[in-house]
Every structure is written in structure tokens, then in C-alpha cells.
Amino acid sequence: MDDAFTARLDLASRALGGGVVHANDEFFAAADHLVLPEPPTFSPRTFDHKGQVYDGWETRRRRTPGSDVAIVRLGAPGVIHGVDVDTSFFVGNFPPFASLDGLAVDGHQVPPDAAWTALVPKSPLNGDSRNLFAVSDRRRFTHVRLTIFPDGGVARLRVHGEAIPDPALLPAEFDVAAVTAGATVTGCSNMFFGRPHQMLMPGLARHMGDGWETARRREDGNEWAEIELAAPTEVTFVDLDTSHFKGNAPGAAALRGTDGSGDWFDILPRVPLSPDTPHRFPVRPESPASRVRLDIYPDGGMARLRIIGRPDRAFLTEKFRRHTEESRRP
Ligand SMILES: NC(=O)NC(NC(N)=O)C(=O)[O-]
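These remarks concern the structure in this document. The model shown is predicted, which means the values in this text are computed figures rather than measured ones.

Definitions and cut-offs
- Residues numbered from 1 in each chain as written.
- Predicted model: local features only at pLDDT ≥ 70, side-chain atom pairs only at ≥ 80, totals over all residues.
- Heavy atoms only, no water.
- Helix = DSSP H or I, 4+ residues; strand = E, 2+ residues; numbered from the N terminus.
- Buried < 20%, exposed > 50% of the residue type's maximum accessible area, 1.4 Å probe, protein only.
- Contact = heavy atoms within 4.5 Å.
- Areas by Shrake-Rupley, 256 points an atom, 1.4 Å probe, with all protein chains shown as cover.
- Lys, Arg positive; Asp, Glu negative; His and termini not counted.
- Charge placed at Lys NZ, Arg CZ, Asp CG, Glu CD.
- Phe/Tyr/Trp six-rings, centres within 6.5 Å; stacked < 30°, edge-to-face > 60°.
- Lys NZ or Arg CZ within 6 Å of the ring centre and 35° of its normal.

Details of the overall build of the protein chain
Turning to step 1, where the next piece is worked out: When helices and strands are tallied, the protein chain shows 1 helix and 20 strands.
Turning to step 2, where the next piece is worked out: Overall, the C-alpha framework of the protein chain stretches about 65 × 50 × 35 Å when taken along its three principal axes.
Turning to step 3, where the next piece is worked out: Within the protein chain, the fraction of its 330 residues that count as buried is 52%.
Turning to step 4, where the next piece is worked out: Within the protein chain, contacts between residues at least 6 apart in sequence are counted, and of these 78% link residues at least 24 apart.
Turning to step 5, where the next piece is worked out: As displayed, the protein chain has an accessible area near 15700 Å², and 52% of this comes from carbon and sulfur atoms.
Turning to step 6, where the next piece is worked out: For the protein chain, the centre of its 38 positive side-chain charges and the centre of its 44 negative side-chain charges are spaced 3 Å apart.

Section: the packing of aromatic side chains
Turning to step 1, where the next piece is worked out: Inspection of every chain in the model, using the stated rule, returns 5 aromatic pairs.
Turning to step 2, where the next piece is worked out: Geometrically, the ring pair formed by Phe42 and Phe89 is stacked, given 5.5 Å between the ring centres and 15 degrees between the ring planes. On the criterion of sequence distance, the pair formed by Phe42 in the loop between strand S2 (19–23) and strand S3 (57–58) and Phe89 in the loop between strand S4 (68–86) and strand S5 (97–103) is long-range, its members being 47 residues apart.
Turning to step 3, where the next piece is worked out: Since its relative accessible area comes to 32%, Phe42 is described here as partly exposed.
Turning to step 4, where the next piece is worked out: Ring centres 4.8 Å apart and planes at 85 degrees place the aromatic pair Phe192 and Phe193 in the edge-to-face group.
Turning to step 5, where the next piece is worked out: By relative accessible area, which is 60% here, Phe192 ends up exposed.
Turning to step 6, where the next piece is worked out: Linked through ring pairs, Phe42, Tyr54, Phe89 and Phe90 together constitute an aromatic cluster.
Turning to step 7, where the next piece is worked out: Lying over the aromatic face of Phe97, Lys122 brings its terminal NZ or CZ to 5.3 Å of the ring centre.
Turning to step 8, where the next piece is worked out: Positioned above the aromatic ring of Tyr297 is the side chain of Arg270, whose terminal nitrogen or guanidinium carbon lies 3.9 Å from the ring centre.

Some words on unusual backbone geometry
Turning to step 1, where the next piece is worked out: Look at the link from Phe149 to Pro150: it is a cis peptide, with omega at -10 degrees.
Turning to step 2, where the next piece is worked out: Locating Pro150 in the fold gives a position in the loop between strand S8 (140–149) and strand S9 (153–154).
Turning to step 3, where the next piece is worked out: The linkage connecting Tyr297 with the following residue, Pro298, adopts the cis geometry, with an omega of -15 degrees.
Turning to step 4, where the next piece is worked out: Turning to its location among the elements, Pro298 is positioned in the loop between strand S18 (289–297) and strand S19 (301–302).
Turning to step 5, where the next piece is worked out: In this model, Phe89 sits at a positive phi of 75 degrees, which is unusual for a non-glycine residue.
Turning to step 6, where the next piece is worked out: Non-glycine residue Asp276 carries a positive phi angle of around 50 degrees.
Turning to step 7, where the next piece is worked out: Mapped onto the secondary structure, Asp276 falls in the loop between strand S16 (264–272) and strand S17 (278–282).
Turning to step 8, where the next piece is worked out: With relative accessibility at 35%, the residue Asp276 sits in the partly exposed group.

Right under this line is the structure:
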């Protein structure tokens, strides 16, 4: 099956601010575990007052017909390309079937009579494994609802897709390289220790594992990453944050941009970098950029990359409109 969607951003992740807003039953384990960014873990023969401790959402054994549900508010609303219903470590207690629905709400509350859209029909699950389901609906959703039949445990719910922010909620100038704004990594030379999209995650990096890190380069040349920005943008500031990279920060970096025509121009000509330091550079590039290339010399780690500027509002509005109109239709 097509599982290419697993490389996409997890829109539900707590790392983006996603959260569980409702679960009808959490007897054995809290549904909040569903959106944790870390892979699930298990410690055998570890019992609390309710039973064996699980790193997931686990409901009690049903004695009446029915199903159990959990509703997740996406950290970044967007278009869902596929989901992973991960039942890791649930063996004698995984749900044999699950389904997933989506909802797009204006504002912040889920109305009790909301009309949910089916994204994954009731489908069989395997225990102690990832269960991948592609989603073909290309509308924008703010919430998903996981239903398990009849009961049981799910370790994580990953909702892979592309973030589509509401332009009405974005200021005139913001970080257009942020994954929550819809920026994506389109290529990189090396990601041995850490994937480059981590540079584009919200907030400060928590530790060295929370950034882009290459292997030590043993030949000539330098490492690089390319990013498609949320929209064509007049860039005003570039942040290169090497926090936590103390013995392995790049010695220098440069940022170039293109408007898609194939011509590249300097946004930030090569500058020296210090270890474990958030650097900010005011810039005045000659043109708006829709894509950028970060070169680091020769290799190393970057905790965060921020590209602040004034995006093309019409571009953002059209992207939002294209994915939104129909998902709001009753
Ligand atoms: N040994 C178990 O895991 N039992 C049960 N679950 C927990 N959490 O104890 C159950 O009945 O599914």
C-alpha cells in the first residue's frame, strides 16, 4: 500500500500543540498518550491501581454493545494524507477494528451535533503494530475522531498531512519556514542524526536531538537543506539557532532563495556561526523567495531555522480557500 504519507508532518502531535479534547472512557490509560511525539514504550509487569501500565489510550472491557471514541484537536489544522493507528504493545487487548472521521470547525469548540466526515471506514487492526490507512479527501480539517470497536488500547494516533493555516489568524509578518504555517523540507544532503524538518518545529529546541544534525563530513563540500516556504515572501529576518550544538555547530552558514524561476539569489551571504547560540540577522534580499536553501559549512547541527517576512497574502488565502470551502459545507 502507499505509505509515503508517513514522511509527512504529524498534524495531531503534541509537539505542534495537538491535544485530546474528549474520550468516553479512559479507565486503564489516558487518551492524552495518543498524541505524544515520542515512540511508545512498555515496561512489563508494571502495575498501578487500575492494572498494567500502558503508554497509550486504553478503555475497559465492554459488557454492553458499542464502541469507544477519542476526539483529537489537531495542533496544525490541514489536509490529511493518511493515518497511523499504532497499537504497539497492545497484544491481548488491542481493538480489532477502528474508524476515523474528520471535522472542520470555525472557532475553537466542537459542537455536540457536528457533522463528521468519514475519512477511514471501519477497518481491521493488527495488535502490537502500526496500522496505516491512506486518506484521499483533500479538504482541510481541524479535528479527528478515532472510534475503536468494541474497546481496547491504542498507543499513538499519527495524522500525517500538510498544515494549512487560516490566513485571517496570521499577522502581516511571521515565520514562513514554520511547519505550522505550511512550510516543508524538499531535500537535504544528509540527516544522519536528526531530520531537517525539526528545525521548523514550534518553540525552542529542548535538547540536541530536537534539531537537524548531519554526520561528520569526511570529504570536500558542505551539507545543505532546501525548504519550500509557506508562500512567496519578502524576507526581513533570518534566525539561525545552534542551541545545544556545542561541539558540533557548523562553522558558518549561508541562505539563498529562489522565486521558482530557477535563479537563486543571496538572502544571507555566508556568515560565521557560534556554537550553542541563537543568531538573528536582518536581511534585505533583492526579490521575494518561495523556496530557500540553507548551506552549512562544512556540516553539523542546527536547532531552529526561522525565516521571518511578509508573505503574499493572496497566495495564502487561495490555498486556504481551495481546501476549506467544501469542508465547511453542511
Ligand atoms: N494484563 C492486561 O493488560 N490487562 C488489561 N489491561 C490493563 N491495563 O491492565 C486488560 O484487561 O486489557
